[in-house]
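Here's the letter readout for the chains.
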Amino acid sequence: MGNQSQLTVPGRYDQIRQICQFVVAGAKQAGLDDDAIFQVELACDEACTNVIEHAYGGENRGELDIVWSYDDRAFTITIYDQGKTFDPQSVPQPNLPIVDDPTNLKVGGLGIYFMRKLMDEISYRFDESKGNTLVMRKLLSE
Amino acid sequence: MNISVESRENNIAVITVSGRVDSASSSDLDNALKEHSETNHIVLDLAGVDFMSSAGLRALVSAKRATAKDKKQTVLVNPSSRVQEVLDLSGLNSVFDTYDTVDIACAIVVS
């Protein structure tokens with residue numbers, strides 16, 4: 001296995017575990033420590049969930065292509081989909097929970113918040129022919 | 001993900017979850033919590049959960065909201081380090097009371 005690998009799966013929630021296992025294997029190979037691997041796995045889970053939920057608008061409406069790669073500087077996950085344009089960076093920061101009234105407790109936007117907090121760099125682009133491309137990087141320790 | 005439910009006296013449902021709670025499995029957790037959260041305190045043992053995404057957190061928040069409507073509580077027991085990490089990251093650590101054992105949690109929710 002080189003320092004890049006690709007996986008294509010149908011856009012279903014039950015495929016996310018396989019995606020995460022695939023990405024975790026790459027992160028281990030890149031030399032990330034256990035905490036960083038968990039953070040990469042969580043960010044990847046949230047990103048793929050968002051693709052199915054928001055870009056495709058539901059399950060079984062397209063595929064997810066996931067590529068991991070690494071170099072001396074960073075471990076990179078790239079997620080491609082053919083859904084409608086969905087830029088995670090356009091989502092506002094969530095209102096973190098207010099404890100005063102538990103009957104009115106709500107959380108939303110946590111997945112994207114996690115991606116931003118856990119990964120060092122996130123970029124997004126949309127192309128009419130290629131669809132959405134999300135790139136997330138975790139910098140390697142010195 | 002595995003879920004087991006034990007009903008205890010004083011309207012307490014002890015729900016023990018293990019494995020991975022993600023977008024594929026969170027609806028099962030959500031359903032189990034909904035089934036018991038209308039009339040019970042929920043004591044949620046998360047020691048065996050090795051992964052929880054925001055989908056799992058939403059199920060926990062939903063249970064907290066449902067129990068609060070009946071003046072009851074949803075509390076956590078011994079969350080694994082990975083669960084604690086997502087609770088801390090989300091700020092929900094300030095929302096859920098957390099105890100070391102199920103017995104302590106059960107005693108406190110009815111006190």
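Look a little higher up for the structure.
These figures come from a predicted structure and were not determined experimentally. Within each chain, residue numbers correspond to sequence positions counted from 1 in written order. Chains carry letters from A onward and ligands carry numbers from 1 onward, assigned in written order. In keeping with the model being predicted, local features are shown solely for residues with a pLDDT of at least 70 and side-chain atom pairs are shown and tallied solely at 80 or more, while totals for entire chains, interfaces and linings include all residues. Computation of side-chain values covers all heavy atoms of the structure but excludes hydrogens and water.

Looking now at the interface of chain A and chain B. The interface is formed by 29 residues belonging to chain A together with 24 residues belonging to chain B. When a carboxyl oxygen of Asp or Glu is within 4 Å of a side-chain nitrogen of Lys or Arg, the pair counts as a salt bridge. Here Arg20 of chain B and Asp45 of chain A are joined by a salt bridge, their closest N and O atoms 3.5 Å apart. Whenever a nitrogen or oxygen atom comes within 3.5 Å of another N or O atom, the pair is scored as a polar contact, on the condition that within protein one atom can donate a hydrogen and the other can accept it, and that pairs from neighbouring residues in sequence are kept only if both atoms are in side chains. Counting across the interface, chain A meets chain B through 6 residue pairs in polar contact (both at pLDDT 80 or more). Helix and strand definitions here come from DSSP, where helices need a minimum of 4 consecutive H or I residues and strands a minimum of 2 consecutive E residues; each element is numbered from the N-terminal end. Elements with a contribution of two residues or more to the side of chain A that touches chain B: helix 1 (16-30), helix 2 (34-55) and helix 3 (110-118) of chain A. Sorting elements by how many residues they give to the side of chain A that touches chain B places helix 2 of chain A first, with 9 residues. Tallied by class, residues from the side of chain A that touches chain B come to 15 nonpolar, 5 polar and 9 charged. Contact definition: two residues touch when any of their heavy atoms are within 4.5 Å. Lys, Arg, Asp and Glu make up the charged group, whereas Ala, Val, Leu, Ile, Met, Phe, Trp, Tyr, Cys and Pro make up the nonpolar group; the residues left over, Gly among them, are polar.

What follows covers the pairing of strand 3 (residues 74-81) of chain A. Residue and element names in this part refer to chain A. The rule is simple: take the accessible area with a 1.4 Å probe, protein chains only, and divide by the maximum for that residue type; under 20% is buried, over 50% is exposed, in between is partly exposed. Among the 8 residues in strand 3, 7 count as buried, and that is most of the element. Connecting strand 2 (residues 63-70) to the antiparallel partner strand 3 that follows it, the hairpin turn spans 3 residues. If DSSP finds at least two bridges between two strands, the strands pair. Pairing of strand 3 with strand 5 (residues 131-139), which is carried by 8 bridges, proceeds in the antiparallel orientation. Opposite Thr76, over in strand 5, you have Arg137 as the bridge partner.

All names here are of chain B. Read from one edge of the open sheet, 5 strands run 1-2-3-4-5, paired in mixed fashion. Only two strands of the sheet have a single neighbouring strand rather than two, namely strand 1 (2-8) and strand 5 (98-99). In terms of strand pairing, strand 4 (residues 74-77) meets strand 5 through 2 bridges, oriented parallel. When the sheet's bridge partners are listed, Leu76 is paired in strand 5 with Thr98. In the packing of helix 2 (residues 54-69) onto the sheet, the strands contacted are strand 2 (12-21), strand 3 (41-52) and strand 4, and the crossing angle to strand 3 comes to about 175°. Each axis is a line fitted through C-alpha atoms, taken for helices only over the stretch in contact, and angles between the N-to-C directions span 0 to 180 degrees.

By themselves, these figures tell us nothing about what the structure is for.
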